[in-house]
Amino acid sequence: MRFTSEQRFDDGVVEREFTLDGIPGILWTPASASAPVPLILIGLPPLGLQKTYARVAGRARYYAAQYGFASATIELPGMGDRPRLPEVEQARADMRRVMAAGEPLSGDIVDALILPLVDQAVPEWQAAMDALLALPEIDGPVGYEGGVISIGVRLAATDPRIAAAGLFAGSFIPAAIYEDAREVAVPLQVLLQWDDEGNDRQASLDLFDAFGSEEKTLHANTGGHTGVPQYELDAGARFFARHLK
């Protein structure tokens, strides 16, 4: 991990950009922490870090300033300045064509759209955890939040360092991810926008039902994709405070 910039904010939060094996990322930490702090991994939606920076940075700075957490994010495969994934690009074109024709998406298209991201992103997140947990100011435990829900499900199912996950319902869900969900045992909080025009509500409910966790909570709010209530930010922070501190 190589840090490339550092910025200190008035709220007592330090933001450092880094690269890890060519993958750009950002780490936010509370400047005043007297001991190593827990870590929240913030997943990105498939829009790229530059387009979602303000939203992600706002959450990360809130977690650091109000709850004393470190947070980090890394760019998704195929996004930003990273090399494109040809199979995902083709699947995205197929998806647009099928949806424009008013036809249902096949499982093959969903698999080609999502699974290559999952297969590449999960090992990258694990490498990022290795590097971040080696820093003296971070000591775990680790939570995961947001991003492409299939990535969060696979990571929570396979990496024992993930102690809790706050997942955002949405994106297309391959059949293999439902199988992964049954292996998830950590506490979960799932956020669902009930009227999200780009989300299959029933698929999200089926995925929630499939999770094997003994503690799982569904936060469902009326409104579309961008209508998440502001108070859900604090609800997520309190969820992680219960399980990471």
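From a predicted model like this one, the values you see are computed outputs, not experimental measurements.

Student: I'd like a rundown of the pairing of strand 9 (residues 216–221), residues and numbers included.
Tutor: When strand 8 (residues 188–193) meets strand 9, the two strands line up parallel, connected through six bridges. Following the sheet pairing, Val190 is matched in strand 9 by Leu218. With helix 6 (residues 201–210) bridging strand 8 and the parallel strand 9, this β-α-β connection has right-handed handedness.

Student: Can you explain helix 1 (residues 49–67)? Please cite residues and give values.
Tutor: Spanning 19 residues, helix 1 covers only 24 Å between terminal C-alpha atoms, well under the ideal 27 Å at 1.5 Å per step. Remark: the principal bend of helix 1, roughly 40 degrees, maps to Arg55. Every buried residue of helix 1 is listed here: Leu49, Thr52, Val56, Ala57, Arg59, Ala60, Tyr63, Ala64 and Tyr67.

Student: Requested: an account of the packing of aromatic side chains, with residues and values cited.
Tutor: Both the distance between ring centres and the angle between the ring planes are used here to describe each pair of aromatic rings. All chains considered together, the criterion is met by six aromatic pairs. Taken together, a centroid distance of 6.4 Å and an interplanar angle of 65 degrees make the contact between Tyr62 and Tyr63 edge-to-face. Take Tyr62: its relative accessible area is 24%, and that puts it in the partly exposed class. Linked through ring pairs, Tyr62, Tyr63, Tyr67 and Phe69 together constitute an aromatic cluster. Just above the ring of Phe9 sits the side chain of Arg61; from NZ or CZ to the centre is 3.8 Å.

Student: So what about the nonpolar core? Which residues, and what values?
Tutor: Side chains that are nonpolar tend, in soluble globular proteins, to be buried together. Judged by nonpolar contacts, the single largest core of 79 residues is most densely connected at Leu41, Ile151, Val153, Leu167, Leu207 and Phe211. The element contributing the most residues to this core is helix 3 (residues 107–133), with 13 residues. Residue contacts for Phe211: discarding those within four places in its chain leaves Val153, Leu167, Ala181, Val184, Leu188, Val190 and Lys216.

Student: Explain the sheet that holds strand 3 (residues 23–30) residue by residue, including any values.
Tutor: Strands sit in the order 1-2-3-5-4-6-7-8-9 across an open sheet of nine strands; the sheet is mixed. Lying at the two open borders of the sheet, with one neighbouring strand each, are strand 1 (2–8) and strand 9. When the angles between neighbouring strand axes are averaged without regard to direction, this sheet yields 20 degrees. Pairing geometry for strand 3 and strand 5 (residues 70–74), over four bridges, is antiparallel. Paired with Gly25 across the strands is Ile74, a residue of strand 5.

Student: Can you explain the side chain of Asn199? Please cite residues and give values.
Tutor: Within the secondary structure, Asn199 is located in the loop between strand 8 and helix 6. Taking the relative accessible area as the measure of exposure, Asn199 reaches 12% and is therefore buried. Ignoring sequence-local partners within four residues, the contact set of Asn199 consists of Ala169, Gly170, Ser171, Leu192 and Ser204.

Student: Kindly report on the packing of helix 2 (residues 86–100) against helix 3, identifying the contributing residues and their values.
Tutor: As a packed pair, helix 2 and helix 3 sit with axes 8 Å apart at the nearest point and diverge in direction by 140 degrees. Here helix 2 lies oblique to helix 3, going by the angle between them. In terms of crossing hand, the pair formed by helix 2 and helix 3 is left-handed. Here Glu87, Val88, Ala91, Arg92, Asp94, Met95 and Val98 of helix 2 come into contact with helix 3, specifically with Ile109, Ala112, Leu113 and Pro116. The residue makeup of the contact of helix 2 with helix 3, split by class, is eight nonpolar, no polar and three charged.

Criteria and cut-off values
- Residues numbered from 1 in each chain as written.
- Predicted model: local features only at pLDDT ≥ 70, side-chain atom pairs only at ≥ 80, totals over all residues.
- Heavy atoms only, no water.
- Pairing = 2+ DSSP bridges.
- Helix = DSSP H or I, 4+ residues; strand = E, 2+ residues; numbered from the N terminus.
- Right-handed = clockwise from strand over helix to strand, strands pointing away.
- Expected span 1.5 Å × (residues − 1).
- Bend = angle between axes of the 7 residues up to and from the residue.
- Buried < 20%, exposed > 50% of the residue type's maximum accessible area, 1.4 Å probe, protein only.
- Phe/Tyr/Trp six-rings, centres within 6.5 Å; stacked < 30°, edge-to-face > 60°.
- Lys NZ or Arg CZ within 6 Å of the ring centre and 35° of its normal.
- Core = buried A, V, L, I, M, F, W, Y, C linked by side-chain atoms within 4.5 Å.
- Contact = heavy atoms within 4.5 Å.
- Axes fitted to C-alpha atoms, helices over the stretch in contact; angles between N-to-C directions.
- Parallel < 35°, antiparallel > 145°, perpendicular 65-115°, else oblique.
- Left-handed = near helix turned anticlockwise from the far one by under 90°.
- Nonpolar A, V, L, I, M, F, W, Y, C, P; charged D, E, K, R; others polar.

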